[in-house]
Amino acid sequence: MPARRGQRPSPNGKANGDSVLARLAEALFVLRTSPDLGALVDTVAAAVRSTLHAKESHVFLIEERTGAVRPWDAGRAGPGEAFLPMPNAALESTLRSEEPLFVAAPSADLPALEHSLGGKRAGAFFCMPLRARGTLDGVWVATFGGSKAFTAADRLAAHLLADALALGLERSRSDRFLAERALAAQRLEARAEEGEGLLGQMLSVVAHEMRTPLTCIKAYAETLIDAPADEWESRAPFLEIINEECDRLGRLLMNALDYSRLESGQKSFHLTTLKPEDLVTDALLTMAPEGKRRKVEVSAHVPETFGTVEGDLDLLKQLCLNLVSNAIKFSPEPGQVEVVVSGDEEGWRLEVMDRGPGIPEDQAERIFERFYRVEQEGRRVPGSGLGLAIARNITELHGGRIVVTPRAGGGSVFTVTLPRVQRAPDEACQLAAELWERRDCLRLLDDAVALASEALEAQIVSLMLVDPQRGDLKMAAALGLDESALKRRVGFRGGVGGQALAQAAPVLVNDIETDPRFRRPNHPQYSTKSLICVPLIVAGRSIGVINVNNKRSREAFGEADLALLANLVDRVCSAVERSLAFPESPESPAETMAALRASIHLREDLALGQRPAGAVAYGLARRLGANAEEARLLSRLAGGVDLESVEAETEAKPSRKRDGRAPVLGSVRDILLGRSERWDGKGVPRGLAGEAIPLGARILSAVDLLHDLTHGSPHRQAVPAAFALEEMERLSGSRLDPRVQAAVTDLLADEVGERRAGRGRREAA
Ligand code: ADP
């Protein structure tokens, strides 16, 4: 603890140093161990009152997506309403600079406290950024009754409490993250187990169902073989039975196959406009022989002027077929089955009615589960129990519903209700309507398209948004497309884009012609068959998609491209979300774009920015004379543990020779303690200056700064590596050790140079 004995950190001089120290130590202990956010907030409030005699203490947590803050006052059970901090007032400037702000007395030269916290009438106050492991989680504000000259010890106490609070917030964030990961892993495991279980169940059901037809086929085939050669007429019925049993086997296998394809999402959706009449005619035609054999007459009623609907023709045919085939199967002999199509402008209905045994009411839901078969008089009906599960799957893929109800006079009615056209959900349409009204946001989308084309080196990029009236996708911004293509629309669930939209999941296509999900001829305007499509998710709703085609190199897009695009889209969407939620937001979408452009500007910059801080620290330490062992230690102090260093460590041989260089970086304790010191002596906690700060600490503070500059936060724009180097040059001699700063420039310049040279070579080849 650097506060020297005898020095009195307390403002009024009454509390002696030891009791302040004891209170601080107690508070730090609680902050370090409490898993509860409310307890953290209360502890820090009590500590700042008892040690520094503050009047009030407020914690503000940042919302990652919008950059708004939520106040959390001591004694409250949770955070309050989110709001956007006022530009240039105390909160916002602390968020932007990420530097502590101590104001001894309100003055025109310093940021004022926001109105809600007392505004200009307030006395002294301080705002501490709450950051740990490179992430800013919030700001802590303490206000005082009158003016107050903050002593070095006061500042140190505020720093200590803020650090401990930030660590507590970070811990609670990591805990949440870990819990989410654990849950996701559990779900994945459960799904894998379910998949295995499904496979086993499927095999046993199929094998069981195959036994009867196979026995039957075998028996009749043997009879035929043994029959005298001249009795031709008597063979016909046997052959007919063999033929039917073969059909039954075929249907069984098709059902099993279709079901697993639908379940695993391998079956894609081909959106077309179709006439319900065609579905019904087709099903009736297919089932005619079976109907005849069972003496069941099937009749259809479709209004003549019914018009068209949207859906996947093959899937809807199969849905219809499964219902009609069940109706025939369960009808008495002779019997009648009726198929009725009806509807209005919004939706349409398909009803299949029979005079069979009906479905017991308590099983009306369950018959749509896979493998489920009704039990009647203690016996299970033969079959795989997959037909209705497939029917339900197809119905839901179309955004519809399927139910079974008893038919008056006996039998069942299966009713499928479907929308006439496939359209985005109402909530997505409402959000899209707001977005179409916002010119600034639309301009942001334009820029995003240009940026995507640049970052992914793609010739064609288009961005489509939900049309609030029609519920399909309409072009909002495009690059590299001709006039006619700009008018193109894509249906909800239609094409690659419509599916990415409906499933709210990105799609990477290697070859559109061979990809089993799509298998469609490549459109002539695209010279490559690979594309990426990422949905735009704003406030949890999928409201559009961005499509990227034609990589300049003509190579296929890969996972790295997808990750880059997803990252860009996510940032654009958070900016849109922020603009829609806080229309008065001072940061315009244009500014967001500038920040985005800066941070994604060039691929090599992006790669540099993402370089683990540990690796940069290692490189700098080596350049400044540290041996490998020391440099590795510093790398760990800089970036926590990164995979590379763990690998290097596990491979390292214990008997490696030392290179004879003397340690230069300083002790671990001194390095960590000196991380926030400044070359000019204005840092914390000890106010050391120049060479008095251990070299390791000087390196770490440069690494931290570089990381901050190239990463950005909702309140601070990230800059490309080249700008970051300029900014660091500016701070050389004040915040940074000039020698360390020069080493940073050398290190990164070398790397940028190497990368550019590498790219030049590739392009020349
Ligand atoms: P499968 O593919 O074996 O025919 P389904 O999933 O189509 O199985 O049907 C599940 C169960 O629902 C059937 O085993 C039967 O008990 C019942 N069921 C289906 N359709 C009808 C119907 N039209 N009338 C009476 N019961 C039916």
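Residues numbered from 1 in each chain as written. Predicted model: local features only at pLDDT ≥ 70, side-chain atom pairs only at ≥ 80, totals over all residues. Heavy atoms only, no water.

A. Main features of the overall build of the protein chain. Secondary structure assignment for the protein chain yields 22 helices and 20 strands. Evaluated residue by residue, the protein chain yields a buried proportion of 47% over its 765 residues. Contacts spanning at least 24 positions in sequence make up 64% of the contacts within the protein chain whose residues lie at least 6 apart. (Helix = DSSP H or I, 4+ residues; strand = E, 2+ residues; numbered from the N terminus. Buried < 20%, exposed > 50% of the residue type's maximum accessible area, 1.4 Å probe, protein only. Contact = heavy atoms within 4.5 Å.)

B. Region of the structure containing the sheet that holds strand β18 (residues 507-509). With respect to topology, 6 strands assemble into an open sheet ordered β17-β16-β15-β20-β19-β18, the strand pairing being antiparallel. In this open sheet, the two edge strands, each paired with only one partner strand, are β17 (489-490) and β18. In the packing of helix α12 (residues 495-503) onto the sheet, the strands contacted are β15 (458-466), β16 (473-479), β17, β18, β19 (531-538) and β20 (541-551), and the crossing angle to β20 comes to about 145°. (Pairing = 2+ DSSP bridges. Axes fitted to C-alpha atoms, helices over the stretch in contact; angles between N-to-C directions.)

C. Layout of the packing of aromatic side chains. Taken as a whole and judged by the stated rule, the model has 9 aromatic pairs. When the centroid spacing of 6.2 Å and the interplanar angle of 90° are considered together, the rings of F60 and F83 count as edge-to-face. Of this pair, F60 sits in strand β1 (residues 56-62) while F83 sits in the loop between β2 (69-73) and α3 (90-97), placing them 23 residues apart in sequence. Residue F60 is classed as buried on the basis of its relative accessible area, which comes to 3%. Consider the rings of F126 and W140, whose centres lie 5.1 Å apart with planes at 80°: the pair is edge-to-face. (Phe/Tyr/Trp six-rings, centres within 6.5 Å; stacked < 30°, edge-to-face > 60°.)

D. Geometry of the packing of helix α4 (residues 152-226) against helix α5 (residues 235-263). Contact geometry of α4 with α5 gives a least axis separation of 9 Å together with a crossing angle of 170°. Considering the angle they form, α4 stands roughly antiparallel to α5. A breakdown of the residues in the contact of α4 with α5 according to their chemical character gives 21 nonpolar, 3 polar and 4 charged. (Parallel < 35°, antiparallel > 145°, perpendicular 65-115°, else oblique. Nonpolar A, V, L, I, M, F, W, Y, C, P; charged D, E, K, R; others polar.)

E. Focus on the sheet that holds strand β3 (residues 101-103). Judged by pairing direction, the sheet is antiparallel, and its 5 strands sit side by side in the order β2-β1-β5-β4-β3 without closing on themselves. Among the strands making up the open sheet, the edge pair consists of β2 and β3. Recorded for the sheet is a direction-independent mean angle of 20° between the axes of neighbouring strands. Sheet topology note: the β3/strand β4 (residues 125-132) ladder contains 3 bridges and is antiparallel. When the sheet's bridge partners are listed, L101 is paired in β4 with C127. Contacts from α4 reach β1, β3, β4 and β5 (135-143), with the element oriented near 40° to β4.

The values reported here are purely geometric and, on their own, carry no functional implication.
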